[in-house]
Amino acid sequence: MQGQTNIHTSIIIRMYVPGAVLALCLPCFLSGNVFGYEYGEDYSDSYYNEISNGELQTGAKQIQCPPQDLSRWDKLFIMLEDYQMKQDMFLQQNEDMVKAEMNSIRRELHKLNNNNNVCVQASENTCKCVSEQMNRNLNQAMDQLREAADMYQAQNNETLQQLIQYSRNQATRLTKLESSSLLGAGLGQVAMKSYSTYPKEEEASNADGGKLEKALMATVADLQRIQAQLALFQRATAHRFLPSGCEMALLFPMRSKHIFAEVTPSMSMSLQSLTICLWAKVTQSLNKTVLFSYGTKKNPQELQLVLARHSVLLTVGGETHLVEAQSVVTDGQWGHFCGAWSSEQGLATLWVNGENVAKVPGVAEGHVLPSNGFIILGQERSRSGIYRDLDSSVAFTGKMTGVNMWDHMLEAGRIKEYANQDGYCDSRGNVIGWGVSEIIPHGGAQYIN
């Protein structure tokens, strides 16, 4: 900024000094008096000339310039030359200063650029090191968590085995104590009969009875403690339990129109009889919560197995043809639900946990399911047939496994077998087979094990 100011000052001096000098000299020229000379004087020979021959012209008049006039002109030109030299020196000095400042700025910028590159590289290296350290810490934490989970599982299994063995030992001990108690009671009766003859034996029998009573009380307390520990262990492992020996299940984490599962059957859905069975653990059952739905463009609710609060319903050919069982559904607990129907007599039955809870004849008698429909788990087809038009209020939330469908009505004995929690998940239907048929989860639905 100082260099720019100096440059502007030199430019102004160059522009205005000649004009100022001209302004001072111009009045003198106009008035005809330039440093003491008048227009009437003779300017034919204003200074002295030497003649080489030493002769002077006759009548010539020799006039010498006044010393004071020559000194004024000399001073003026000397002053102008000095000023010009000073101005040039001043301009040169300003230019040198500007160049020095520019070079200094360039050096500073170059240093700053180099420092920025070094800082950027250092920042990248630091971020890379921090990321690698975080990844290592995360991997170590995950390994420790897995080890802790495995150790916890092993401890739980060991504790369970110990509890089972302890329970067996206590049961054996209780049986022995009961036998001893009965034997002691018989001995007590004998001792009462011979009280007058054997008073010492009576005292010994009373002492044994007191010991037996204390032992029985201790056994009862131990059994109660074992029962509490078993209940605690069951609650800790209940959330990982899958019924009927199934290794995986479908999780519907929330009630949403975007969360469902689409099923591709193994054969045509043009059926005159059928059986649908599945395991379900509903988080909360509303007025209508869909488990299984088969719909076509003409009838989106052609075949449905749904929950309604604590009831389960099977509809065939529309909501007017249905069978219902009440007070058979409990939120938060696994349940085995089956619905069977035959077109020949219109017979429809419902089964919950292997028990026949409803049986109604005349349901869609003579009806045949149309083909080319869509099977959905946890949701029902909309009237428009577009997924974005689904209704979230009928969506299922919870877990579902063991979904199977047959093209005939199963016998009661087979349905009871499939409802066994000890392991019948490998029995699959010929229309839909769990673990075999294509079941694609959508939205937030996912498989768990």
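Below you will find a few notes about this structure. (Residues numbered from 1 in each chain as written. Predicted model: local features only at pLDDT ≥ 70, side-chain atom pairs only at ≥ 80, totals over all residues. Heavy atoms only, no water.)

1. Some words on the state of the cysteines
(1) Moving on: One pass over the structure, following the stated rule, counts two disulfides.
(2) Moving on: Between the sulfur of Cys-246 and that of Cys-425 lies a disulfide, 1.9 Å long from S to S. In this structure the cystine formed by Cys-246 and Cys-425 twists about its S-S bond by roughly 100°; its chirality is therefore right-handed. Of the two residues, Cys-246 is situated in the loop between α3 (199-237) and β1 (249-252) and Cys-425 in the loop between α4 (412-418) and β13 (438-442); the sequence distance between them amounts to 179 residues. Per residue, the accessibility class of Cys-246 equals that of Cys-425, and both read buried.
(3) Moving on: Put simply, Cys-277 and Cys-338 are joined by a disulfide, and their sulfur atoms are 2.0 Å apart. Since a negative S-S torsion denotes a left-handed disulfide, the Cys-277-Cys-338 link at about 120° is right-handed. (Disulfide = S-S within 2.5 Å. Helix = DSSP H or I, 4+ residues; strand = E, 2+ residues; numbered from the N terminus. Buried < 20%, exposed > 50% of the residue type's maximum accessible area, 1.4 Å probe, protein only.)

2. Some points on the pattern of salt bridges
(1) Moving on: All told, the structure shown has three salt bridges when counted by the stated rule.
(2) Moving on: Between Asp-222 and Arg-225 there is a salt bridge, with its nearest N and O atoms 2.6 Å apart. One end of the pair, Asp-222, and the other, Arg-225, are both in helix α3, three residues apart, so they sit about a helical turn from each other.
(3) Moving on: Among the residues examined, Arg-225 registers a relative accessible area of 43% and is labelled partly exposed. (Salt bridge = Lys/Arg side-chain N within 4 Å of Asp/Glu carboxyl O.)

3. Observations regarding the packing of aromatic side chains
(1) Moving on: Here the structure, examined in full by the defined rule, presents three aromatic pairs.
(2) Moving on: Centroid distance Phe-252 to Phe-396: 5.4 Å. Interplanar angle 85°. Geometry classified as edge-to-face. Remark: Phe-396 occurs in the loop between β11 (374-377) and β12 (398-406) and Phe-252 occurs in strand β1; sequence separation between them is 144 residues. Both residues of the pair, Phe-252 and Phe-396, belong to the buried class.
(3) Moving on: Ring geometry for Trp-434 against Tyr-447: centres 6.3 Å apart, planes inclined by 50°, an arrangement best described as tilted. (Phe/Tyr/Trp six-rings, centres within 6.5 Å; stacked < 30°, edge-to-face > 60°.)

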